[in-house]
Amino acid sequence: QVQLVESGGGLVQAGGSLRLSCAASGRTFSSYTMGWFRQAPGKEREFVAYISGNGGNTYYASSVRGRFTISRDNGKNTVLLQTNSLKPEDTAVYYCAAGSLWSTRPTEYFYWGQGTQVTVSS
């Protein structure tokens, strides 16, 4: 069982940055692929980025590539999402999730946090 708690969301102007953090419980954190997803009102949950268990492999959605960076610290059971050059269309609730595959599909992730709101004003 893994429990995930996100933090770091907020209100920021376009062009600004936020660092989202996800704290995980459990002893097997390093065995999980960690993903970040987001969901805007009236839209489906969409993939943002994932990072493999040892941090050696990362992958990003094309909409955030070059602006967002995912990282993890297995010693601290945390995964981070550094978001730069934010745009109004990045406004959404951001979720972290844990799974066993390198996947962009939400259905491949077993555990989810409660989400943190990111709002980007124009």
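Residues numbered from 1 in each chain as written. Predicted model: local features only at pLDDT ≥ 70, side-chain atom pairs only at ≥ 80, totals over all residues. Heavy atoms only, no water.

**Brief notes about the sheet that holds strand β1 (residues 4-7)**
Spatial ordering of the open sheet is given by β1-β3-β8-β7, a layout of four strands whose pairing is antiparallel. Each end of this open sheet is capped by a strand with a single partner; those strands are β1 and β7 (68-73). Put simply, the sheet's adjacent strands are angled 15 degrees from each other on average, direction ignored. With six bridges joining them, strand β3 (residues 18-24) and strand β8 (residues 78-83) adopt antiparallel strand pairing. Opposite R19, over in β8, you have Q82 as the bridge partner. (Pairing = 2+ DSSP bridges. Helix = DSSP H or I, 4+ residues; strand = E, 2+ residues; numbered from the N terminus. Axes fitted to C-alpha atoms, helices over the stretch in contact; angles between N-to-C directions.)

**Notes on the packing of aromatic side chains**
Taken as a whole and assessed by the stated rule, the structure comprises ten aromatic pairs. Note on F37 and W112: the rings are 5.1 Å apart at their centroids and 50 degrees apart in plane angle, and the pair reads as tilted. Here F37 is found in strand β4 (residues 33-39), whereas its partner W112 is found in strand β10 (residues 109-112), with 75 residues between them in sequence. In textbook terms, an aromatic cluster arises when at least three aromatic residues are bridged by ring pairs, as seen for F37, F47, Y50, Y59, Y95, Y109 and W112. Taking the ring centre of Y95 as reference, the NZ or CZ of R45 above it sits at 3.8 Å. (Phe/Tyr/Trp six-rings, centres within 6.5 Å; stacked < 30°, edge-to-face > 60°. Lys NZ or Arg CZ within 6 Å of the ring centre and 35° of its normal.)

**Describing unusual backbone geometry**
For N77, which is not glycine, the phi dihedral falls at a positive 55 degrees. Position of N77 relative to the elements: it lies in the loop between β7 and β8. Given a relative accessible area of 16%, N77 falls into the buried group. Phi at S85 is positive, roughly 50 degrees, even though this residue is not glycine. (Buried < 20%, exposed > 50% of the residue type's maximum accessible area, 1.4 Å probe, protein only.)

**Brief notes about the side chain of S103**
Inspection of the secondary structure assignment puts S103 in the loop between β9 (92-99) and β10. Owing to a relative accessible area of 8%, S103 belongs among the buried residues under this scheme. In contact with S103, not counting residues within four places along its chain, are F47, Y50, E108 and Y109. (Contact = heavy atoms within 4.5 Å.)

**Observations concerning the environment of S30**
Mapping S30 onto the fold places it in the loop between β3 and β4. As a C-alpha pair, S30 and E6 span 24 residues in sequence and 17 Å in three-dimensional space. Among all residues touching S30, those that are not within four sequence positions of it are G53, N54, R72 and N74.

**Thoughts on the pairing of β8**
Inspection of the sheet shows β7 paired to β8 by six bridges, in the antiparallel sense. The residue bridging D73 from the neighbouring strand is T78, located in β8. Joining the antiparallel neighbours β7 and β8 is a turn of four residues, in which N77 adopts a positive phi near 55 degrees.

**A short note on the environment of S122**
The topology assignment puts S122 in the segment after β11 (116-121). Separated by 66 residues in sequence, S122 and G56 have C-alpha atoms that sit 35 Å apart. Apart from residues lying up to four places away in sequence, S122 is in contact with A14 and P88.

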